[in-house]
Amino acid sequence: ELCPDLVKCGEAGTTTESMVLKDGAYKFTATSASVYPCPNLANCVGGKSNATVKVGQELCAEGSYGPLCALCEGDFYLSDSDGCLTCEGGNTWLLPMVLLIAATIGGLVAFVIFSNQQKRIMIFYEQNIDRLNEHIERLTAAVSLMQIISILNTTHTSIGGSEVPSPYLEFMQWFSFLTLDVVTIVPFDCMWEDQFDHLDKLLLQTLVPLFLLVGAELFSWAYQLVKKVDEGRSQHILSTWLALLFLVLPVISRVVCQSFRCETYDGGDNGDHSFLFVDSSLDCDSDRYGIMLIFALIMMLVYPVGAPLALFVLLLQHKQRLDPPGVDEDEAIKRRKEDAVLAKESITKFSMVYRPKYWFYEVYNTVRRLLLTSAVLVTRDLGETTLFIVCVGTVTLVIEQESKPHVNPFLSAFCQACCWQILLFILYLLLLDSDLTTEGQAVWISALLMVSNICLIVRIMTGVGARSELPMDPVSWATASAGGGIELTDFAVDNPLNSGGGGDAGEGGRGSNHEAQRQGRAFMDARKETHRDIDTFEFDSKEAGQGAVEVIEATEVQRTKRDQRDFGSHEAPAVVEISGPSGSV
């Protein structure tokens, strides 16, 4: 027979008992015919020991033990890339402490600033709510992108796929914290007296979010009881909880789905062994695994199935308001912004960034992420996994391109770019596995993928999204016509102000219009300097021949709740009242 990939076959006549293993390989007993790759390659050291072929525990590096050398001893913790490391190492707690200190300092600074500038912050938020929501959506899309790519890479290598070369591998490691998997960041093995196994991880990641939700609801209930108010906080708490949950849902769902896959290993004369695929410390024939299996089934209904379904049901109750029947899209967008019921129901925020007919799109987007990170675990080998992720990546890209679901066209384009990045990464993995690229070509493609990822991140920080509706220029308004009436002329923001005046006005009307625009611009500049909410000023239209024109009231362009209610647009126009011989406008 041919020599297995993980075996050093130096000469003919090598038998099962005399096989010398390469580093990163594991064999349960001398009589075992099968050789397995170690989950963590650094934990398995092949070769011979005192001229004797190493098998079983003899293959495990310092600090590791157990089936496939996948466990770490008491004073060690498991690193994703370096195997079992000592808990006394200088860098063990470096990343967790840096993140904790940064979060603490950031929280304190935010609390102090908010306490001292609460009113100004709320005014700024109301004025810039659409722009802030746009950046939040972009940041969420970027986090989802890095989650999917990092998890796909982990899934790919765990079933024998080729490792991604530098520099993209290091890039993914730099941003691995965006997966929001706290277990991979904090070395819990150094905190637990016993082994921190998959059941402990499952309990931690599934129960903590539920406890936070219950705690927040109880606090809100107690606050309302003491203050004797009913502010509808429960709906707001639930929507906020769901928004945060969906950021970590792929990680939680993945842990749940990993609980069902057991792998059978050849134990030679000792018979076959069955262990959990992601944690060989859990024997699938043990009572502990049976308890974990029941709990995982319950959590399957709560998270990967229950969370998207709950959001869909909650949004379905407001479908007629989110997508008013019998009206065009622009009118539907305007109506739902003016709808007091939707404004009160916080859960509807999940739909407001999407076009009316795609009110459910956040549910679909969540399912797409779960397919690529969790459902992929149902595949058993590299071929099935590759076929599955190629199909899902292609279909979801087509859906994103054809639907263009966001109200803001920039967000639709940005999410399309993220879908393209995922599909390109999947195709890159396929190239690596099929050996269709040389080592140099693989590195060049890796660098190109990293550059494209960096460009997306830069676009998040610096890009200015396209507006779904054009705001009105604050100084483009009516001029007095030659016939003595008042005629309004609107100009888009990008239109020049010296474009010849309004409507049918004569030369005098054009001069009056230019003068009005000049003084109006001077007024708005003064308005920004004084930060006053309402100002009044007067000017005479000397050339129009129709008497005095008085600007009674003007307000700066603002995005406030009042403006959104009155105008139904992202950026409300300036409010200008003009009085003339024929009446007031």
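Residues take numbers from 1 onward in each chain, read along the sequence in its written order. Since the coordinates come from a predicted model, pLDDT governs what is reported: local features require at least 70, and pairs of side-chain atoms require 80 or more to be given and counted, while whole-chain, interface and lining totals use all residues. Hydrogens and water molecules were not included; the side-chain quantities draw on all heavy atoms of the structure.

### A short note on the overall build of the protein chain
Reasoning step 1: The numbering of helices and of strands both runs from the N terminus, where a helix is a DSSP run of H or I of at least 4 residues and a strand a run of E of at least 2. Helices and strands together make up the secondary structure of the protein chain, namely 19 helices and 18 strands.
Reasoning step 2: The buried label goes to any residue with under 20% of its type's maximum accessible area, the exposed label to any with over 50%, and the partly exposed label to all in between, with areas taken from a 1.4 Å probe on protein chains only. Of all 585 residues assigned to the protein chain, the portion counted as buried reaches 43%.
Reasoning step 3: The contact criterion used is simple: two residues touch if any of their non-hydrogen atoms lie within 4.5 Å. The contacts in the protein chain between residues at least 6 apart in sequence include a share of 61% that link residues at least 24 apart.
Reasoning step 4: Of the roughly 30600 Å² that the protein chain leaves accessible, carbon and sulfur atoms contribute 60%. Only the protein chains shown count as cover for residues, with accessible areas throughout obtained via the Shrake-Rupley method and a probe of 1.4 Å.

### Re the side chain of Thr 348
Reasoning step 1: One can find Thr 348 in the loop between α12 (340-344) and α13 (349-352).
Reasoning step 2: With relative accessibility at 1%, the residue Thr 348 sits in the buried group.
Reasoning step 3: Within the structure, the side chain of Thr 348 is placed 2.6 Å from the backbone oxygen of Glu 345, a separation counted as a polar contact.
Reasoning step 4: For Thr 348, the residues in contact, after removing those within four places along its chain, are Leu 315, His 318, Leu 322 and Leu 342. Polar contacts, as used here, are pairs of N or O atoms within 3.5 Å; protein pairs need one atom able to donate a hydrogen and one able to accept it. Residues neighboring in sequence count only if both atoms are side-chain atoms.

### Notes on the packing of helix α6 (residues 198-227) against helix α8 (residues 287-302)
The geometry of a pair of packed helices is captured by two quantities: the angle between their axes and the separation between those axes.
Reasoning step 1: All axes here are fitted lines through C-alpha atoms, helices being fitted over the stretch that makes contact, and every angle between N-to-C directions spans 0 to 180 degrees. Contact pair α6 / α8: the axes reach a minimum separation of 11 Å and the direction vectors enclose 30°. Between α6 and α8, the angle falls in the class roughly parallel. For α6 against α8, the interelement crossing comes out left-handed. Each of His 198, Leu 199, Asp 200, Leu 202, Leu 203, Thr 206, Leu 207 and Leu 210 in α6 lies in contact with α8, whose residues at this interface are Arg 288, Met 292, Phe 295, Ala 296, Met 299 and Val 302.
Reasoning step 2: Residue composition of the contact of α6 with α8, by class: 10 nonpolar, two polar and two charged. When describing relative orientation, an angle under 35 degrees is termed roughly parallel and one over 145 degrees roughly antiparallel, while 65 to 115 degrees is termed roughly perpendicular and anything else oblique. Helix crossings fall into two classes, left-handed where the near helix is turned counterclockwise from the far one by less than a right angle and right-handed where it is turned clockwise. By the convention adopted, Pro, Cys, Tyr, Trp, Phe, Met, Ile, Leu, Val and Ala count as nonpolar, Lys, Arg, Asp and Glu as charged, and the other residues, Gly among them, as polar.

### Digging into the pairing of strand β12 (residues 273-276)
Reasoning step 1: The pairing criterion for strands is at least two bridges between them, as found by DSSP. Here strand β11 (residues 262-265) runs beside β12; their pairing, made up of four bridges, is antiparallel. The partner of Tyr 265 across the bridge, within β12, is His 273.
Reasoning step 2: Examined bridge by bridge, β12 and strand β13 (residues 279-283) share two bridges and lie antiparallel to one another. Each residue of the ladder has a partner; that of Phe 275, found in β13, is Asp 283.

### Let's talk about the pattern of salt bridges
Reasoning step 1: Salt bridges are defined as contacts in which a side-chain nitrogen from Lys or Arg sits within 4 Å of a carboxyl oxygen from Asp or Glu. Under the defined criterion, the tally for this structure stands at eight salt bridges.
Reasoning step 2: Ionic pairing is found between Asp 339 and Arg 321, a salt bridge with its closest N-O pair at 2.8 Å. Linking Asp 339 in the loop between α11 (329-338) and α12 with Arg 321 in helix α10 (residues 319-322), this pair joins segments that are 18 residues apart in sequence.
Reasoning step 3: Assessed through its relative accessible area of 38%, Arg 321 is described here as partly exposed.
Reasoning step 4: Here Glu 331 and Arg 335 are joined by a salt bridge, their closest N and O atoms 3.4 Å apart. On the criterion of helical spacing, the pair formed by Glu 331 and Arg 335 is a turn pair, its members being four residues apart in helix α11.
Reasoning step 5: Of the residues examined, Glu 331 reaches a relative accessible area of 32% and is grouped as partly exposed.
Reasoning step 6: Using a relative accessible area of 40% as the deciding quantity, one classes Arg 335 as partly exposed.
Reasoning step 7: Salt bridges sharing partners connect three or more residues here, namely Asp 197, Asp 200 and Arg 288.

### Section: the packing of aromatic side chains
Reasoning step 1: Working definition: a ring pair exists when centres of Phe, Tyr or Trp rings (six-membered ring for Trp) sit within 6.5 Å. Plane angles under 30 degrees give stacked, over 60 give edge-to-face, the rest tilted. Taken as a whole, this structure holds 17 aromatic pairs when the rule is applied.
Reasoning step 2: Measuring from centroid to centroid gives 5.7 Å for Tyr 168 and Phe 425, while their planes differ by 55°, and the two rings are tilted. Taken together, the residues Tyr 168 in helix α4 (residues 168-174) and Phe 425 in helix α16 (residues 409-434) connect sequence positions 257 residues apart. Take Tyr 168 and Phe 425: they sit in the same class, and that class is buried.
Reasoning step 3: Pairing Phe 410 with Phe 414 gives two aromatic rings, centres 6.3 Å apart and planes at 25°, and the pair type is stacked. In this pair, Phe 410 and Phe 414 are both assigned in helix α16, four residues apart and thus about one turn of the helix distant.
Reasoning step 4: Take Phe 414: its relative accessible area is 4%, and that puts it in the buried class.
Reasoning step 5: Put simply, the rings of Phe 312, Tyr 354, Tyr 358, Trp 359, Phe 360, Tyr 361 and Tyr 364 pair up and form one aromatic cluster.
Reasoning step 6: Of note, Arg 261 hangs over the ring of Phe 277, and the distance from its end group to the ring centre comes to 4.1 Å. Only when the NZ atom of a Lys or the CZ atom of an Arg is both within 6 Å of the ring centre and within 35 degrees of the ring normal do we say a charge sits over the ring.

### Looking at the state of the cysteines
Reasoning step 1: By convention in this document, the label disulfide applies to cysteine sulfur atom pairs within 2.5 Å. Under the defined criterion, the tally for this structure stands at four disulfides.
Reasoning step 2: One disulfide bridge connects Cys 72 with Cys 84, the sulfur atoms lying 2.0 Å from each other. Between Cys 72 and Cys 84 the sulfur-sulfur dihedral comes to about -90°; the bridge is accordingly left-handed. With Cys 72 in strand β8 (residues 71-72) and Cys 84 in strand β10 (residues 83-86), this pair connects stretches of sequence that are 12 residues apart.
Reasoning step 3: Taking the relative accessible area as the measure of exposure, Cys 84 reaches 9% and is therefore buried.
Reasoning step 4: A disulfide-free cysteine, Cys 418 has its sulfur positioned 5.9 Å from the sulfur of Cys 415, the nearest such atom.
Reasoning step 5: Among the residues examined, Cys 418 registers a relative accessible area of 7% and is labelled buried.

### Remarks on the confidence of the model for the protein chain
Reasoning step 1: The pLDDT value tells you how sure the predictor is about a given residue, anywhere from 0 up to 100. With 75% of its residues at a pLDDT of at least 70, the protein chain reaches an overall mean of 77.
Reasoning step 2: Within the model, pLDDT remains below 50 along residues 465-513, and this stretch shows 108 contacts once partners closer than five positions in the same chain are excluded.
Reasoning step 3: Low pLDDT, under 50, characterises residues 526-575; the stretch is placed with 108 contacts to residues that sit more than four places away or in other chains.

### Some points on the sheet that holds β13
Reasoning step 1: The strand order β11-β12-β13 describes an open sheet built from three strands, whose pairing is antiparallel. Each edge of the open sheet carries a strand with a single partner, namely β11 and β13. Sheet twist, expressed as the mean angle between neighbouring strand axes with direction ignored, is 50°.
Reasoning step 2: Packing against the sheet, α8 makes contact with β11, β12 and β13, and its axis sits at approximately 100° to β13.

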